[in-house]
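Chain by chain, the residues:
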Amino acid sequence: MSSHATPIPMTSSACGPLTGVAQVPGDKSISHRSLILGAMCVGETTISGLLEGDDVLDTARAMRAFGAEVTDLGGGNWTVYGVGVGGFAEPDGVIDCGNSGTGVRLIMGAMATSPITATFTGDASLNGRPMARVTDPLALFGAQSVGRKGGRLPMTIVGAADPVPVRYVVPVPSAQVKSAVLLAGLNAPGQTVVIEAEATRDHTERMLAGFGAEITVEDTDEGRVITLTGQPELRAQHVDVPRDPSSAAFPVCAALIVPGSDVLVPGIGLNPTRAGLFTTLREMGADLTYENERTEGGEPVADLRARFSPDMKGIEVPPERAASMIDEYPVLSVVASFAQGQTMMRGVKELRVKESDRIDAMAKGLRANGVEVDEGPDWWAVTGLGHGNVPGGATCASQLDHRIAMSFMILGMAANAPVSVDDGAPITTSFPIFEPLMAQLGANVRQDAS
Ligand code: S3P
């Protein structure tokens, strides 16, 4: 399991132009959902392009523990023989979701309306994250939970034997919470309604419809109202997982700040609930173009072309865009360090409860590397120094957070002195080929002897 017992210190130093094609791995959100929904169908779901990062591999193991037959055919191709909605078996052992908040929260939802009991745990990062945001709505279905103080893992969920459907207004902008409620609603009779004031990534809704569930989405004054009819027979499917825009963010941002770069990142989904970073970068004046725009599997897709952009300006990122780029603020703060003037990011308190407190982790590391950062509970601001003026030279704590580790590796590519992280091991949770992929573009990223 992904407990990262052995830290892997890493250093990134200045490099020549980054050039070439960056084939980033499959989307993490869609990969988790393919395995979980595949396990809730009767029959064989086939998956291609699955992200084989630790987070998703932990979800694959969990689905086996709940009774599904999950087979790795190699090269990102997998099959799942599901047990049907309500067909989960009680696991023999503890379910270890490693570093993955998405994995644990979605799986808790999926099992909470079956008459089984399961105990969940994770690594030190996951065991510090809040779970009440999921167990509160699951209690409305009739599920019970016992965890550590503050609703932390390890935690046991006793699924509802006679679940009732739920109407739930999601109190925080969270696709994980929304998805947990929808997955629980699958095995409740009648209609489960989830309302979100702000749109968050909508993969669960789209995929549930694709798997044959009756689901409607309406935009109202209250927000997005999602209505799911429970106890459907889900149809086993083929899922072709698109490449992950959150992983694409790293080669794209690196190309924008390293002189002379020109990088193509093909086949990236531009679903509006995920593409906020690219819009923001373009507003900052980035030379980032969408080539070969097309529709694949009902989703807008393009090849992203990013070129060195020495004249980017700091901007105010609109708070209503936060959900569509929530995982991309760390790497945006790196780009903002090389822009002219201040980049202000508001409405981002969710960043404080991710794999790490991402505002704190980035602020500490950026300051150590000579960049001024101001912060409040719900906002932070980076004062850009302009191209060629970021000192670098410090070692940053990655705090068991893959996106923090990768963001500081991107910083090192354009800073005046090398940038290190104490532990790059978490990178394998979402982007196992980060190091070779960046090296192939021309970056100098290396693992240090610990
Ligand atoms: C995810 C939702 C987001 C995101 C996470 C993946 C998902 O979390 O940060 O990496 O797949 O649903 P929240 O929904 O908690 O904001």
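In this text, all values refer to a predicted model and were calculated from it rather than measured experimentally.

Reading guide: rules and limits
Residues numbered from 1 in each chain as written. Predicted model: local features only at pLDDT ≥ 70, side-chain atom pairs only at ≥ 80, totals over all residues. Heavy atoms only, no water. Core = buried A, V, L, I, M, F, W, Y, C linked by side-chain atoms within 4.5 Å. Buried < 20%, exposed > 50% of the residue type's maximum accessible area, 1.4 Å probe, protein only. Helix = DSSP H or I, 4+ residues; strand = E, 2+ residues; numbered from the N terminus. Polar contact = N/O pair within 3.5 Å; in protein donor to acceptor, adjacent residues only side chain to side chain. Contact = heavy atoms within 4.5 Å. Domains from an automatic or database assignment. Buried area = accessible area lost by both parts, 1.4 Å probe. Salt bridge = Lys/Arg side-chain N within 4 Å of Asp/Glu carboxyl O. Pairing = 2+ DSSP bridges.

## Here we look at the nonpolar core
Grouped together as the largest cluster of nonpolar side chains are 77 residues, with contacts concentrated most on F278, L281 and Y329. C41, A110, F120 and V241 belong to the second largest nonpolar core, which has 63 residues in total.

## Regarding the side chain of T273
Assignment of secondary structure puts T273 in the loop between strand 15 (262-269) and helix 8 (276-283). At a separation of 3.4 Å, a polar atom in the side chain of T273 contacts the main-chain amide nitrogen of D202. Polar contacts involving the side chain of T273 include one to the side chain of N271, which spans 2.7 Å. With near-sequence residues (within four places) excluded, T273 lies in contact with T200, R201, D202, A323 and S324.

## Some points on the domain arrangement of the chain
Examined at the domain level, the chain breaks down into domain 1 (10-26 + 242-447) and domain 2 (28-231). Just the C-alpha atoms count here: the centres of domain 1 and domain 2 sit 29 Å apart. With 23 residues of domain 1 at the interface, the matching set in domain 2 holds 25 residues. Both faces combined, the contact of domain 1 with domain 2 buries some 2100 Å², and carbon together with sulfur accounts for 47% of it. Linking domain 1 with domain 2 are 4 salt bridges, by the criterion used here. Connecting domain 1 to domain 2 are 13 residue pairs in polar contact (both at pLDDT 80 or more).

## Points about the sheet that holds strand 7 (residues 117-121)
The sheet built from 4 strands is open, its strands ordered 6-7-9-8 with mixed pairing. Lying at the two open borders of the sheet, with one neighbouring strand each, are strand 6 (95-96) and strand 8 (144-148). As paired elements, strand 6 and strand 7 share 2 bridges and run parallel to each other. Looking across to strand 7, one finds that D96 is bridged to T121.

## Quick look at the pattern of salt bridges
Side chains carrying opposite charge are able to pair once their charged atoms draw close together. For the coordinates displayed, the defined rule picks out 30 salt bridges. Close ionic contact of R133 with E350 constitutes a salt bridge, the shortest N to O distance being 2.8 Å. Of this pair, R133 sits in helix 4 (residues 132-141) while E350 sits in the loop between strand 19 (340-346) and helix 10 (358-368), and the two are 217 residues apart along the sequence. Exposure class is identical for R133 and E350. Each is buried. With its nearest N and O atoms 3.1 Å apart, the salt bridge here joins K178 to E196. Here E196 lies in strand 11 (residues 191-196) and K178 lies in helix 5 (residues 175-185), a separation of 18 residues in the sequence. Considered together, K178 and E196 belong to a single accessibility category, that of buried residues.

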